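Overview (structure and organization)
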Amino acid sequence: MKYVYLTLTLIMVMSCAPIRVDYDYEKTTDFTSYKTYNYYADIKSGMSELDTKRLFKALNTALQSRGYTLSDTPDFFIDIKSAEFQQQRQNNVGVGVGGSGRNVGGGISIGLPIGQSQLGREIVFEFVDENGIGLIWQAVSESNYKPNATPEKREAQFVAIVNKVLEGFPPEKK
């Protein structure tokens, strides 16, 4: 029953709050050689400690399901940074009044915002190979953020973000 609730919550979160992700990677990197990972010890994620733990849990679960192993001597390290921002309102109503006469014209237009502006969160995931290569892969995600959400909804949101982010890892060879 718990999994049904989590799945329904995940679907609701994903349908209401689209997650946008941009990817970048070092094109000369052979991603098949990477099997183990770990996190930098000094990560300053910009999130609360509880949210950071939720994100790590979601990332560990997703990476381990893809065959990667958490290790003390990893092939690559993960760094995570986040920032909150006020999203611009997307919906406007335009009201206009205009008139014209002999070679004279004029008009007034007013844009009235509809609804409340939303809080967004950007999370940057960086995978770093410290054996001389440096940054090998990066994903920047943007999604809606509700600071008063329940722990279950926050966890579901992080699972959705991580799944969307890891769609691009490892990058496909073209």
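Criteria and thresholds
- Residues numbered from 1 in each chain as written.
- Predicted model: local features only at pLDDT ≥ 70, side-chain atom pairs only at ≥ 80, totals over all residues.
- Heavy atoms only, no water.
- Helix = DSSP H or I, 4+ residues; strand = E, 2+ residues; numbered from the N terminus.
- Buried < 20%, exposed > 50% of the residue type's maximum accessible area, 1.4 Å probe, protein only.
- Areas by Shrake-Rupley, 256 points an atom, 1.4 Å probe, with all protein chains shown as cover.
- pLDDT = per-residue confidence, 0-100.
- Contact = heavy atoms within 4.5 Å.
- Expected span 1.5 Å × (residues − 1).

1. Let's talk about the overall build of the chain
The number of helices and strands found in the chain is three helices and eight strands. Listing each helix as α and each strand as β along the chain from the N terminus yields α-β-β-α-β-β-β-β-β-β-α. Across the 174 residues in the chain, those meeting the buried criterion constitute 37%. In the structure as shown, the chain presents an accessible area of about 11400 Å², 53% of it carried by carbon and sulfur atoms.

2. Remarks on the environment of G120
Here G120 lies in strand 7 (residues 119-129). Separated by 27 residues in the primary sequence, G120 and P147 have C-alpha atoms spaced 9.9 Å apart.

3. A closer look at the confidence of the model for the chain
Residues with a pLDDT of 70 or more make up 72% of the chain, whose mean pLDDT is 82. Looking across the chain, the model is least confident in helix 1 (residues 2-16), with a mean pLDDT of 50, and most confident in strand 3 (residues 69-70), with 97. Within the model, the stretch residues 10-15 combines pLDDT values under 50 with six contacts to residues more than four positions away or in other chains.

4. Describing helix 2 (residues 49-65)
Between its terminal C-alpha atoms helix 2 stretches 24 Å, which fits the 24 Å expected from 17 residues at 1.5 Å a residue. Of all the residues in helix 2, the buried ones are D51, T52, R54, L55, A58, L59, N60, A62 and L63. Contacts made by the buried residues of helix 2 are with strand 2 (36-39), strand 3, strand 4 (76-86), strand 7 and helix 3 (151-165). G67 occupies a position one or two residues after helix 2 and carries a positive phi of about 100°.

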